[in-house]
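# Working through the structure, step by step
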Amino acid sequence: MADERLGAQPHRISCLLVGQYWVKPALIGIGYCLGYSALERVSSIHAWSALEFTLWNPTPALTVALVMLFGPAYVPLAFVAAVLAGYADGSAPGAGNALGSAAILAGGYGALGAVLRKTMRKGWWVAEPRMLVKLLLGAASGSFVVSSGLAALHTDYNGIVSVEFLGKVGILWLGSTTGIFVLLPVLLLLGISARRWLSELRESRVDLALFILGLIAAESIVFFVDFAHELHLFYLMFIPVIWLALRRGIFGSTLAVLLTEIGMVIAVQIRGYPTETFLDFQMLMLVLGATGLLMGGAVTAWNRAQQQIRQQQQEMDRAARVTAIGTMGSALAHEISQPLASISTYARACQLLLNESPSVSSRLPETLDKIVDESERAGTVLRNMREAIAESRGDREAIDLRTLLDRVVRLVRAEPMRSTVTVTVAAESLPPVFGNRVHLEQVFLNLIRNAIEATVQVKRGNNVKVTGNRNGDHVEVVIDDEGEGIDSQTAGRLFEPFVTTKSHGLGLGLAISRNLMELGGGNIVFRNLPGGGARFVVRVPLYEPEHDGK
Ligand code: ADP
């Protein structure tokens, strides 16, 4: 909409673009510098004076987020911010060191941000736990490299890797990795869509309030009950984090981890723990952060998968209704055409009889003419309708049957009451077939559902087996079940519409399936298996290159 408005007033485009060109980077720059100095101030509360390093370090998260969201062009800004911060807090012992530290911090975390920006699409990690793991591992490794660089700059090198050096690397790594785990996901979520973040915040306010109560309770026990630390009751802090992650997915877990860290820093400050104890807590916080985030990621992925399955199911149901209406129309047209033809024949017979004795009534021949005309007109309408239905083959394309069968089985598994029957698919390396994706999905869905329903009826029945093989210019998919098989009475009319033995059945599934297969150049046959159960064989034509463009 905004584009349309701009398009209507071209002279304003340039003004706005010039404005945006300067305003956006300037706002980002100011926001970053203010955030950097604020975080630097907060984090230096617990500086380890002996090493001149702060023990928790949220600024790397800000730099990584800056580059991931807005690009590597902002790395120089990170350098300037780091130099200014180094001078402001007086932690840099000399100008050389201050510049060196700033270069390592900006260069290292800038490079990490650039790599993460390149390797994962914006927001990918939110939906893909695999990507979230990559993000966390990438952050931990990147911060290890930067920490080693900084520690080397601050250690007098005497030819061997000293314990002092390793200690510094460890402390720096712990501080910045925890900082990244705690802050980066929240910053990225905010950067991807602040509006969505705020609306999630509004939606989750009750859960968040309960979480904060739980967090206060857990932290009160961990930090203010005297024997708690000795008993290592820290794990109590996992409970509210995991609860919020389960309730609100990745959004909840990122906030939970951040709030837990903030609560912990406040508590440690109030208690005035020695720095070494803070280090212990920091290590536990790192584990809690990773656990909480991964759990949140898994919950979000699970919710998404469920939603996708529900959507697919709705799509299939809609498509099934459309084809059911088509098949019903076609069946009704077939049924009604016969009596119509008879009416027309009888009317003609009456006309002939009247010709022999025309004295009955003068209006009768005219009325009979009307009956003949009307029944012929109705017949034409029905014939046209059947032809139109028969022609609606839908778009056909090359299809990988294995993927399609897996998708159908996933849909069936998601349905309630299917858990007692196992559906296995053995259809490796099948050549592509040519057909309409929705039609094929519907056919297999019907057949597999029928097979499961038949198997459930029999106590010893547990398995439905789907196998696929190439046979000449077709692929044959075989669906075997462990039901009672098909009785001889039903067998003869199995593919006719409205034939069902189920109390709530419509008897349209097989009629529709055969129709769809025949429209696509395939077919369906069945037979009873010797050991009980039924076998349905679906033949689908192979895809040939000359099918392209058809
Ligand atoms: P519906 O499932 O609504 O009854 P269908 O056309 O799918 O309609 O099936 C028609 C009938 O065919 C079913 O009512 C059932 O009696 C029989 N049938 C279909 N598949 C099987 C099977 N795998 N085993 C035994 N009977 C089957």
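Notes on the structure in this doc start here. (Residues numbered from 1 in each chain as written. Predicted model: local features only at pLDDT ≥ 70, side-chain atom pairs only at ≥ 80, totals over all residues. Heavy atoms only, no water.)

### Comments concerning the overall build of the protein
- When helices and strands are counted, the protein shows 17 helices and nine strands.
- Across the 550 residues of the protein, 43% fall into the buried class.
- Counted over contacts in the protein with a minimum sequence separation of 6, partners at least 24 positions apart contribute 74%.
- Here the protein has roughly 29,800 Å² of accessible surface; of this, 61% comes from carbon and sulfur atoms. (Helix = DSSP H or I, 4+ residues; strand = E, 2+ residues; numbered from the N terminus. Buried < 20%, exposed > 50% of the residue type's maximum accessible area, 1.4 Å probe, protein only. Contact = heavy atoms within 4.5 Å. Areas by Shrake-Rupley, 256 points an atom, 1.4 Å probe, with all protein chains shown as cover.)

### Brief notes about the nonpolar core
- The biggest cluster of nonpolar side chains holds 77 residues, and the ones touching the most others in it are Trp-125, Leu-135, Phe-223 and Met-264.
- Looking at this core, the element that brings in the most residues is helix H11 (residues 238-271), giving 13 residues.
- For Met-264, the contacting residues outside a window of four places in its chain are Glu-219, Phe-223, Phe-234, Met-237, Phe-278, Phe-281, Gln-282 and Met-285.
- Formed by 44 residues, the second largest nonpolar core is a distinct cluster that contains Leu-401, Val-433, Ile-486 and Leu-542. (Core = buried A, V, L, I, M, F, W, Y, C linked by side-chain atoms within 4.5 Å.)

### Focus on a nonpolar patch on the surface
- Nonpolar side chains collect at one region of the surface, where Phe-79, Val-80, Leu-84 and Leu-99 lie side by side and expose about 340 Å² of accessible area between them.
- No other element matches helix H4 (residues 75-88), which puts three residues into the nonpolar patch.
- Considering the arrangement of structural elements, one finds Leu-84 in helix H4. (Patch = residues over 30% accessible without salt bridge, like charges linked within 9 Å, V, L, I, M, F, W, Y side chains within 5 Å. Salt bridge = Lys/Arg side-chain N within 4 Å of Asp/Glu carboxyl O.)

### Notes on the pattern of salt bridges
- On inspection of all chains with the given rule, the structure shows 14 salt bridges.
- Residue Arg-248 is joined to Asp-207 by a salt bridge in which the shortest nitrogen-to-oxygen separation is 2.9 Å. Taken together, the residues span a long stretch of sequence, with Arg-248 in helix H11 and Asp-207 in helix H10 (residues 205-224) at a distance of 41 residues.
- Between Glu-397 and Arg-437 there is a salt bridge, with its nearest N and O atoms 3.3 Å apart. Remark: Arg-437 occurs in helix H15 (residues 437-457) and Glu-397 occurs in strand S3 (residues 397-399); sequence separation between them is 40 residues.
- Note on Glu-397: relative accessible area 34%, which makes it partly exposed.
- For Arg-437, a relative accessible area of 34% corresponds to the partly exposed category.
- One network of salt bridges, with partners in common, ties together Asp-207, Arg-247 and Arg-248.

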